[in-house]
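Okay, here's what each chain looks like letter by letter:
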Amino acid sequence: MHILVNAASANMGGSVTYLQNVLRWLPILAPKDLFTVYVPTATKEKLEHLGKDNVQLVAYPYSDTGGARRVYFDQVYLPQQVRRKGIDLLFSTTGFGTFFSPCPEILLVRNIAYFDAAFHRKYRELGRSLRKNTIRRWHSLLSISRADTVLFPTEGMKPAVVELHLDVDDREPDQHAAFQRLLEALVDGGDVLARDVAA
């Protein structure tokens, strides 16, 4: 199975730590599968030592990991790569997915700020604008609605999404063996907490 991992926004902090843990375990748990992982150039340099025979790190093709180029990457460039490379599974780790993926997609949603009512209330009390956050929330919700499987890093995140009237329980995870090994890698891979597999 050939799996494409979209980690285009893994620039620093928890996203890089998470990816590092996943990359460390994938060759062990899925040695017969091929992983193509898109990461920012700086992250690629940091994680190059984790590239194994079956894990290929590819530099995200743009300097800016947000805005219009990022939308183009997720919605146009990635589907082209999926078709061209014969990808069997797309794993989007960024909370934002490919709306019309040519193959099954797993979406990891990690940022509670987009969905947390207390966060929004506090932001308003401080007089800060929630415009960008609101746009990202709806982008993430649309991504969730289009993904085949959705992963949340904690048990507490799923109810925040469900409160927005988005049903994430109707879909069943794919039972394909390589898919299951990927999920096991996410659940058991070091510090990774992806217990809430729902979608």
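Residues numbered from 1 in each chain as written. Predicted model: local features only at pLDDT ≥ 70, side-chain atom pairs only at ≥ 80, totals over all residues. Heavy atoms only, no water.

### Looking at the overall build of the chain
For step 1, the next point in the chain: Looking only at helices and strands, one finds seven helices and seven strands in the chain.
For step 2, the next point in the chain: Mapped from its N terminus to its C terminus, the chain presents α and β elements in the order β-α-β-α-β-α-β-β-α-α-β-α-α-β.
For step 3, the next point in the chain: Counting only residues that meet the buried cut, the chain has 48% of its 199 residues in that class.
For step 4, the next point in the chain: In the chain, once contacts between residues fewer than 6 apart in sequence are set aside, the share between residues at least 24 apart is 63%. (Helix = DSSP H or I, 4+ residues; strand = E, 2+ residues; numbered from the N terminus. Buried < 20%, exposed > 50% of the residue type's maximum accessible area, 1.4 Å probe, protein only. Contact = heavy atoms within 4.5 Å.)

### Considerations on the environment of Leu-130
For step 1, the next point in the chain: You can see Leu-130 is positioned in the loop between α4 (117–125) and α5 (131–146).
For step 2, the next point in the chain: The spacing of Leu-130 and Tyr-114 is 16 residues in sequence and 9.5 Å in space, taken between C-alpha atoms.

### Some remarks on the pattern of salt bridges
For step 1, the next point in the chain: Tallying each qualifying case throughout the model produces two salt bridges.
For step 2, the next point in the chain: The partner of Lys-44 in a salt bridge is Glu-48, and the shortest N-O contact between them spans 3.1 Å.
For step 3, the next point in the chain: Overall, the relative accessible area of 39% leaves Glu-48 in the partly exposed class.
For step 4, the next point in the chain: Between Arg-70 and Asp-74 there is a salt bridge, with the nearest N and O atoms lying 3.1 Å from each other. Of this pair, Arg-70 and Asp-74 both sit in helix α3 (residues 67–85), four residues apart, roughly one helical turn.
For step 5, the next point in the chain: Judged by its relative accessible area of 8%, Arg-70 is buried.
For step 6, the next point in the chain: Accessibility expressed as a relative area gives 1% for Asp-74, which makes it buried. (Salt bridge = Lys/Arg side-chain N within 4 Å of Asp/Glu carboxyl O.)

### What about the packing of aromatic side chains?
Aromatic rings considered in pairs are described by the distance between their centres and by the relative angle of their planes.
For step 1, the next point in the chain: Inspection of the entire model under this criterion finds five aromatic pairs.
For step 2, the next point in the chain: Here Tyr-38 and Phe-73 contribute two aromatic rings whose centre-to-centre distance is 5.5 Å and whose plane-to-plane angle is 70°, an arrangement assigned as edge-to-face. Separated by 35 residues along the polypeptide, Tyr-38 in strand β2 (residues 34–39) and Phe-73 in helix α3 bring together distant segments of the chain.
For step 3, the next point in the chain: By way of ring pairs, the aromatic residues Tyr-38, Tyr-60, Tyr-62, Phe-73 and Tyr-77 are connected into one cluster. (Phe/Tyr/Trp six-rings, centres within 6.5 Å; stacked < 30°, edge-to-face > 60°.)

### Remarks on α5
For step 1, the next point in the chain: Between its first and last C-alpha, α5 extends 23 Å over 16 residues, near the 22 Å set by a 1.5 Å rise per residue.
For step 2, the next point in the chain: Looking at α5, one finds that the buried residues are Asn-133, Arg-137, Ser-140, Leu-141, Ser-143 and Ile-144. Considered in projection along α5, the buried side chains sweep an arc of 160° and stay on one side of the axis. Exposed and oriented more than 90 degrees from the buried face of α5 are Arg-131, Lys-132 and Ile-135. (Expected span 1.5 Å × (residues − 1). Arc of directions from axis to C-beta.)

### Some points on the confidence of the model for the chain
As a general rule, the predicted coordinates of low-pLDDT regions are not to be interpreted in detail.
For step 1, the next point in the chain: Per-chain confidence: the chain averages 76 in pLDDT, with 79% of residues scoring 70 or above.
For step 2, the next point in the chain: Across residues 172–178 the pLDDT falls below 50, and counting only partners more than four positions away or on other chains, this stretch makes twelve contacts in the model.
For step 3, the next point in the chain: Overall, residues 187–199 carries pLDDT values under 50, and its contacts beyond four positions in sequence, including any with other chains, amount to 44 contacts. (pLDDT = per-residue confidence, 0-100.)

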